[in-house]
Amino acid sequence: MKINDVILRTVVKMVVFIILTLGVYLFFAGHNAPGGGFIGGLVLGSAIVLLYLTYDIETVHNGMPFDFKKVAALGVLLATGTAIASIFFNVPFLTQADRYFDLPLLGETHLSTVMIFEAGVALTVIGTLVTIILSISEDE
Amino acid sequence: MIVELAILLPFIMAAAIPFIYRRFNKVHIGWLVLAVPVILFSILTTYIPRIANGETFTKTYEWIPSFNISFTTYLDGLSMIFSLLITGVGSLVILYSIFYLSTKESLHHFYCYLLLFMGAMLGVVFSDHLMVLYAFWELTSVSSFLLIAFWHHRKASRAGARKAMTITVTGGVAMLAGFLTLYTIAGTFSIRELIANVSIIQEHALFIPAMLLVLLGAFTKSAQFPFHIWLPDAMEAPTPVSAYLHSATMVKAGIYLVARMSPVFGGHEVWFWTVAGVGIVTLFWGSFNAVRQFDLKALLAYSTVSQLGLIMSLFGLGSAAHALGYSSESLIYTQATFAALFHLINHSTFKGALFMMVGIVDHEVGTRDIRRLGGLMALMPFTFTIAVIGSMSMAGLPPFNGFLSKEMFFKATVDILQLNIFSVESFGFIFPVVAWTASVFTFVYCVIIIGRTFFGKLQPDRLEKPPHEAPIGMLISPFVLVAFVIGIFFFPNILRRNILAPAMQSIYPSFPAEELTVPIEHFHIGTELFMTIGVIIIGILLYRSLPKWRAIYQLFSQKYTLNAYYERIIGFAESKSGWFTRIYMNGNLTYYFAYIYIIFVTIVAGYFVLSDAFTWSPSQDSPVEYYEMILLLIMVFAAVALLFAKGRITTVLLNGVLGYSVAFFFVVFRAPDLALTQLVVESVTTALFLLCFKFLPDLTKEKVSRAVKFSKATISIFVGATVTLVGLSVLHYEKFEPISAYFEDSYNLAGGKNIVNTILGDFRAFDTMLEVVVLFIAGLGIYTLIKLKAKKGETDVEN
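Numbering of residues begins from 1 in every chain and follows the order in which that chain's sequence is written. Each chain is given a letter, starting from A, and each ligand a number, starting from 1, according to the order in which they appear as written. Confidence filtering applies because this is a predicted model: local features only for residues at pLDDT of at least 70, side-chain atom pairs given and counted only at 80 or more, and all residues used for totals across whole chains, interfaces and linings. The basis for every side-chain value is the complete set of non-hydrogen atoms in the structure, without hydrogens or water.

Things to note about the overall build of chain A
Piece 1. Scanning chain A for helices and strands turns up five helices and two strands.
Piece 2. What counts as a helix is a DSSP run of H or I of at least four residues, what counts as a strand is a run of E of at least two, and both are numbered from the N terminus. Reading chain A from its N end, one meets helices and strands in the order α-α-α-α-β-β-α.
Piece 3. The dimensions of chain A, computed from C-alpha atoms along their principal axes, are 60 × 35 × 25 Å.
Piece 4. Each residue is placed in one exposure class: buried if its accessible area under a 1.4 Å probe, protein chains only, is under 20% of its type's maximum, exposed if it is over 50%, and partly exposed if it falls in between. A burial count over chain A gives 44% of its 140 residues as buried.
Piece 5. Relative to all contacts within chain A whose residues are 6 or more apart in sequence, the contacts with residues 24 or more apart total 59%.
Piece 6. Computed by Shrake-Rupley with a 1.4 Å probe, the accessible areas treat only the displayed protein chains as cover when residues are assessed. Just so you have it, chain A exposes about 8,000 Å², and 71% of that area is on carbon and sulfur atoms.
Piece 7. Put simply, chain A has 6 plus and 11 minus side-chain charges, and the middle of one group is 6 Å from the middle of the other. Should any heavy atoms of two residues lie within 4.5 Å, those residues are considered in contact. Neither His nor the chain ends is counted toward charge; the positive residues are Lys and Arg and the negative residues Asp and Glu. By convention, charge coordinates are those of NZ in Lys, CZ in Arg, CG in Asp, or CD in Glu.

Written out as structure tokens, the structure is:
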């Protein structure tokens, strides 16, 4: 059965872009405003899920050839990695550092190692979310 | 730095193997792994002269300072002996395994586990901190579990691995309790500090319990009676593993612990009798049981049990010197410890060689059953040489190193009779008597190994493969070991000066170093020499009449062996826990929720009632706005409607209404983070549900009795009431200090203005980190459940 989903596909094309942008914004806004790794990851993950729902798995996979299990694993490695990395600077486990940098274009920017930690959280959330949904939807 | 490197290098290599093993499909990956122990061994040997001069090396890294846990490494004479054995025998075993295991096996797993084990073992002997030692100690149990179960398609391997793990980990937990008891007594986890404060520790009421708990750990690990039953079953592991774990290293961890803790506990009568007594019983029982084995590996396993008992009993006897303190009279008792350390090294050389010899026989002939073997001498001359040297050393004959340490053992058991404390004067006679009897049996089984394997008639039709000599690569390692067996016999004093003397100093820190060891003599006339001659004569007689007295073993009913008891206990625990689990794990989600809620209500409401913490003062609450009332009404409506919904789609939507309303509440109460999370989670779960939707059967009306309905309603009402009342009461709760003040300074402390996120990412990042790991594991779990479920009736393990 072929479903007529022109409207869905057209809407999704635009909406996914907006959701992805929102997700990235939420991720970076995290430390000072609502957002952060978990929510950012969830939003990004739900955008990807939306893509999978609208187009078939193979089409999306051609565009995003990621193994989402590995994405999740990379996330866990990043999160635990920043935790362990702090030991090598002779500070307690999970200590995070932050500083202000004067970056070109962006001006004075606040950068923190929490961001790497949060990136790990976000990647794990995306990876796990998509893995679960894909495996459920692919199941016969 | 070297010590930390020694611990880290095996772990680093173990972590690297999964990434690089694919490049090694033509070349055996063992060659790469071999580099690790060889490098460590070479570096450690350069430290021997400095250790021999009495130097020790320590280095401390702070680990969890708030719990007083630091990673302190300590290299002294005692840890030197063990680390040399671990890396030295480790190198030979890996070299041997390269030829023993074909590249068709999953070698990357094997070497990964082996390296983990090696690192853990080095961690045990180098740690000064008891908690760190414990962590490494359990890691040796876990990695040896993986190694024993390496051929996990075989039921016997899995059973042997489980048995070893059950027994050693139980002992390990007891040991942990002992360490914690020591901490409450002395206030320190550092072994060196414990030794320094030994006089205070001995006075304490908990001294004996702590000692016995620690000993339980040591005895289970070192396979002492009655915990020895795991060692023969562990022989299901590949032979290189048996040679390494069950002769040279893991089983010696318990010996190490006893040696290391001797200065702390050694001065006490209980220690003397427990260690020496258990050791001597193990010595006898192991040697007695080894004689009746038909499997060469099982025979060697029992012989290892017995030899470990020998070393253990010597440490017990040697502890008498701790009780007496330093004097010229007490020095004689330190010689028992000296003999123990010496025999420890000797045992590793000859037993390692013997295990490798059995591995060669098994590999080239296809069986280890001595009833099918025989007449291999002419066909396997090199293997025969190894077997003769190894067995004769174990039997305690010259010119092999076992002779020297066996003589010293006899001397120590005779010398102990002069001791006039600990009621040795009335019971001490058992030591020389049992030691001598056990040595006779040792002699007999050593002769069995040679006689039944290499002499007699060849039975080619009963062998799996035509017998022939092993490839040169498999012979190198055992030949190196037997070279040590002979070399140590002729030059024992090199070993004494450089290796044994500093270790003696670690065990007797308050004794003058130069008086602790005396030169080892080869030939002397004394009681011990006559004992040895007696062992040889009676041993030969017993071997000749072996078929006549084998029937003795049939006198013990199989029902009353320790193994049978173990099986019965495990069987009982399995059936009872299975029965108990089936009661509550009935697969019905409703029941699970009922259990959770009942426990929740009992604990939370119970606590609040008992501590009189329920308060009700609406006057202090902020006023309720009208839109909040509307949201509330919507939620109540949706919740009630859920109960009466007929179709699945309705229930999903109503559930969604509830979820989104909660999100709106978060918005109203200015918790944007929670609102965002709630909204996204709600959307994703609804989408997920709709995905599975078409696979679900139609919603059928539950037909349950009135009583069940009533109990469900009761539980629900209680849960609701508890949550509401707790929610109302927490505002006025005064039992604890609120922690919110701590987070108010989030911007200064963590550089973030969003307090929720600073809590997640900075203040309580540990939770977040572990949650991420849990999420990942849950995801993988779902993936495996769905993707990798076995086809019906398909099974990949043999039962």
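The rest of the description comes next.
Some words on the overall build of chain B
Piece 1. Looking only at helices and strands, chain B features 36 helices and two strands.
Piece 2. Taking the contacts inside chain B whose residues are at least 6 apart along the sequence as the reference set, 80% of them involve residues at least 24 apart.
Piece 3. Summing over all exposed atoms, chain B offers an accessible surface of approximately 37,200 Å²; the carbon and sulfur share of this is 68%.
Piece 4. Computing the positive centroid from 52 side-chain charges and the negative centroid from 47, chain B places the two 14 Å apart.

So, the UniProt feature "domain: MrpA C-terminal/MbhE" (unreviewed entry) in chain B
Piece 1. Under the UniProt annotation, "domain: MrpA C-terminal/MbhE" (unreviewed entry) lies at residues 712-787 of chain B.
Piece 2. Each end of residues 712-787 of chain B is marked by a C-alpha atom, and these two atoms are 36 Å apart; helix forms 78% of the span and strand 0%. UniProt positions are given in the numbering used here, feature names are shortened, and annotations may be inferred rather than shown by experiment.

Looking at a nonpolar patch on the surface
Piece 1. Side chains of A:Ile84, A:Ile87, A:Phe88, A:Phe89, A:Val91, A:Phe93, B:Phe766 and B:Leu770 sit close together on the surface and give an oily, nonpolar patch of about 810 Å² of accessible area.
Piece 2. Relative to the helices and strands, B:Leu770 resides in helix 36 (residues 765-787). Nonpolar side chains (Val, Leu, Ile, Met, Phe, Trp, Tyr) are joined into patches within 5 Å and like charges within 9 Å, using only residues with over 30% relative accessible area and no salt bridge. Counted as salt bridges are all cases of a side-chain nitrogen of Lys or Arg within 4 Å of a carboxyl oxygen of Asp or Glu.

Focus on the confidence of the model for chain B
Interpretation of the predicted coordinates at a detailed level should be avoided for regions scoring low in pLDDT.
Piece 1. The predictor attaches a confidence to each residue, and that confidence, scored 0 to 100, is pLDDT. The pLDDT averaged across chain B works out to 85; a share of 97% of its residues lies at or above 70.
Piece 2. This prediction of the complex comes with two scores: 0.78 for pTM and 0.90 for ipTM.

Digging into the packing of helix 5 (residues 114-138) of chain A against helix 36 of chain B
Piece 1. Between N-to-C directions, angles span 0 to 180 degrees; the directions come from axes that are lines fitted to C-alpha atoms, helices contributing only their stretch in contact. One way to put it is that helix 5 of chain A packs onto helix 36 of chain B with a least axis distance of 9 Å and a crossing angle of 20°. It follows from the interaxial angle that helix 5 of chain A and helix 36 of chain B lie roughly parallel. For the crossing formed where helix 5 of chain A meets helix 36 of chain B, the hand is left-handed. Together, A:Phe117, A:Val121, A:Thr124, A:Val125, A:Thr128, A:Thr131, A:Ile132, A:Ser135, A:Ile136 and A:Glu138 of helix 5 of chain A and B:Ala765, B:Thr768, B:Met769, B:Val772, B:Leu775, B:Phe776, B:Gly779, B:Ile782, B:Tyr783, B:Ile786 and B:Lys787 of helix 36 of chain B make up the contact between the two elements.
Piece 2. Residues are grouped as follows: nonpolar covers Ala, Val, Leu, Ile, Met, Phe, Trp, Tyr, Cys and Pro; charged covers Asp, Glu, Lys and Arg; every other residue, Gly included, is treated as polar. The residue inventory of the contact of helix 5 of chain A with helix 36 of chain B, partitioned by class, reads 13 nonpolar, six polar and two charged. Each angle gets one of four labels, with under 35 degrees taken as roughly parallel, over 145 as roughly antiparallel, 65 to 115 as roughly perpendicular, and the rest as oblique. Handedness of a crossing is defined here by the sense of rotation of the near helix relative to the far one, left-handed for an anticlockwise turn of less than a right angle and right-handed for a clockwise turn.

Side note on the UniProt feature "transmembrane region" (unreviewed entry) in chain A
All names here are of chain A.
Piece 1. Here, the residues flagged by UniProt with the feature "transmembrane region" (unreviewed entry) are residues 12-30, 36-55, 71-94 and 114-136.
Piece 2. The span residues 12-30 is 95% helical and 0% strand by assignment, and the distance between its end C-alpha atoms comes to 26 Å.
Piece 3. Along residues 71-94, the helical share is 75% and the strand share 0%, with 22 Å between the first and last C-alpha atoms.

Looking at helix 22 (residues 472-490) of chain B
Piece 1. Working rule for helices: expected span equals 1.5 Å times residues minus one. Over its 19 residues, helix 22 of chain B runs 26 Å from end to end, which matches the ideal 27 Å to within 8%, given 1.5 Å per residue.
Piece 2. Packed against the buried residues of helix 22 of chain B are helix 4 (77-100), helix 17 (331-365), helix 18 (381-395), helix 19 (401-415) and helix 23 (492-507) of chain B.

A closer look at the packing of helix 6 (residues 130-148) of chain B against helix 13 (residues 250-265) of chain B
Residues and elements named next belong to chain B.
Piece 1. At a minimum axis distance of 10 Å, the contact between helix 6 and helix 13 shows a crossing angle of 160°. When the axes of helix 6 and helix 13 are compared, the pair comes out roughly antiparallel. The way helix 6 lies across helix 13 gives a crossing that is left-handed. Residues Leu130, Leu133, Trp137, Thr140 and Ser144 of helix 6 lie in contact with helix 13, whose contacting residues are Met250, Ala253, Gly254, Tyr256, Leu257 and Met261.
Piece 2. Looking at side-chain class alone, the contact of helix 6 with helix 13 contains eight nonpolar, three polar and no charged residues.

Structural notes on the pairing of strand 2 (residues 69-75) of chain B
Walk down a regular strand and you will see the side chains alternate between the two sheet faces.
Residue and element names in this part refer to chain B.
Piece 1. Counting buried positions along strand 2 yields six of seven residues, so the element is predominantly enclosed.
Piece 2. Across seven bridges, the pairing between strand 1 (residues 57-64) and strand 2 is antiparallel. The partner of glutamate 62 across the bridge, within strand 2, is serine 70.
Piece 3. Between any two strands, pairing holds if DSSP finds at least two bridges. Hairpin connection of strand 1 to strand 2: four residues between the antiparallel strands, including asparagine 68 at a positive phi of 65°.

Brief notes about the interface of chain A and chain B
Piece 1. Taken together, the contacts link 43 residues of chain A with 37 residues of chain B.
Piece 2. Once two parts are joined, some of their accessible surface, as seen by a 1.4 Å probe, is lost; buried area is that loss totalled over both. Interface area, chain A with chain B, both sides summed: about 3,500 Å², of which 76% is carbon and sulfur.
Piece 3. Taken together, the connections running from chain A to chain B amount to zero salt bridges.
Piece 4. Polar contacts here mean pairs of N or O atoms no more than 3.5 Å apart (in protein, one a potential hydrogen donor and the other a potential acceptor; neighbouring residues in sequence count only if both atoms are side-chain atoms). For the pair chain A and chain B, the interface holds one residue pair in polar contact (both at pLDDT 80 or more).
Piece 5. For the side of chain A that touches chain B, the secondary-structure elements that each account for two or more residues are helix 2 (37-54), helix 4 (68-88), strand 1 (98-103) and helix 5 of chain A.
Piece 6. Top element by residues in the side of chain A that touches chain B is helix 5 of chain A. It accounts for 15 residues.
Piece 7. Across the side of chain A that touches chain B, the residue classes tally to 24 nonpolar, 14 polar and five charged.

Considering the nonpolar core
If you look at soluble globular proteins, the nonpolar side chains tend to sit buried side by side.
Piece 1. Buried Ala, Val, Leu, Ile, Met, Phe, Trp, Tyr and Cys residues form a nonpolar core when they are joined through side-chain atoms within 4.5 Å. Within the largest apolar cluster, 209 residues are counted, with the highest numbers of intra-cluster contacts made by B:Ile81 and B:Tyr111.
Piece 2. Top element by residues in this core is helix 17 of chain B. It accounts for 20 residues.
Piece 3. Setting aside residues up to four positions removed in sequence, B:Ile81 forms contacts with B:Leu341, B:Leu344, B:Ile345, B:Ile499, B:Leu500 and B:Ala503.
Piece 4. With 25 residues, the next largest nonpolar core counts A:Leu94, A:Phe117, B:Leu688 and B:Val772 among its residues.

Remarks on the packing of aromatic side chains
Aromatic ring pairs are reported here in terms of the distance separating the ring centres and the angle at which the planes meet.
Residues and elements named next belong to chain B.
Piece 1. Stacked, edge-to-face and tilted labels apply to pairs of Phe, Tyr and Trp rings (six-membered ring for Trp) whose centres lie within 6.5 Å, assigned for plane angles under 30 degrees, over 60, and everything in between, in that order. This structure, assessed with the given rule, holds 38 aromatic pairs over all chains.
Piece 2. Taking 5.7 Å as the distance between ring centres and 25° as the angle between the ring planes, the aromatic pair formed by tyrosine 96 and tyrosine 100 counts as stacked. You can see tyrosine 96 and its partner tyrosine 100 sitting in helix 4, four residues apart, about one turn around the helix. Considered together, tyrosine 96 and tyrosine 100 belong to a single accessibility category, that of buried residues.
Piece 3. Ring geometry for phenylalanine 265 and tryptophan 271: centres 5.5 Å apart, planes at 25°, overall stacked.
Piece 4. Among the residues examined, phenylalanine 265 registers a relative accessible area of 0% and is labelled buried.
Piece 5. A residue is classified by how much of its surface remains accessible, and tryptophan 271, at 0% relative accessible area, is buried.

Considerations on the environment of B:Met121
Residue and element names in this part refer to chain B.
Piece 1. Within the secondary structure, methionine 121 is located in helix 5 (residues 107-126).
Piece 2. Considered as a pair, methionine 121 and alanine 253 are 132 residues apart in the sequence and their alpha carbons are 7.6 Å apart.
Piece 3. Ignoring any residue separated from it by four or fewer positions in sequence, one finds methionine 121 in contact with Ile86, Thr140, Thr249, Met250 and Ala253.

Overview of the pattern of salt bridges
Piece 1. Scanning the model with the defined rule gives 12 salt bridges over all chains in all.
Piece 2. One salt bridge in this structure joins A:Lys69 and A:Asp67, with 3.2 Å as the shortest N-O distance.
Piece 3. Between B:Arg368 and B:Asp362 there is a salt bridge, and its shortest N-O distance comes to 3.3 Å.

Description of the side chain of B:Glu628
Residues and elements named next belong to chain B.
Piece 1. Inspection of the secondary structure assignment puts glutamate 628 in helix 29 (residues 626-644).
Piece 2. Buried charge without a salt bridge: glutamate 628, with arginine 670 as the nearest opposite-charge side chain at an N-O distance of 8.2 Å.
Piece 3. When near neighbours in sequence (up to four residues on either side) are disregarded, glutamate 628 contacts Pro623, Phe665, Val668 and Phe669.

Considering the environment of B:Val723
Residue and element names in this part refer to chain B.
Piece 1. Its location among the elements puts valine 723 in helix 32 (residues 706-729).
Piece 2. Residue classification places valine 723 among the partly exposed residues on the basis of a relative accessible area of 48%.
Piece 3. For the pair valine 723 and lysine 411, spaced 312 residues apart in the sequence, the C-alpha separation amounts to 74 Å.

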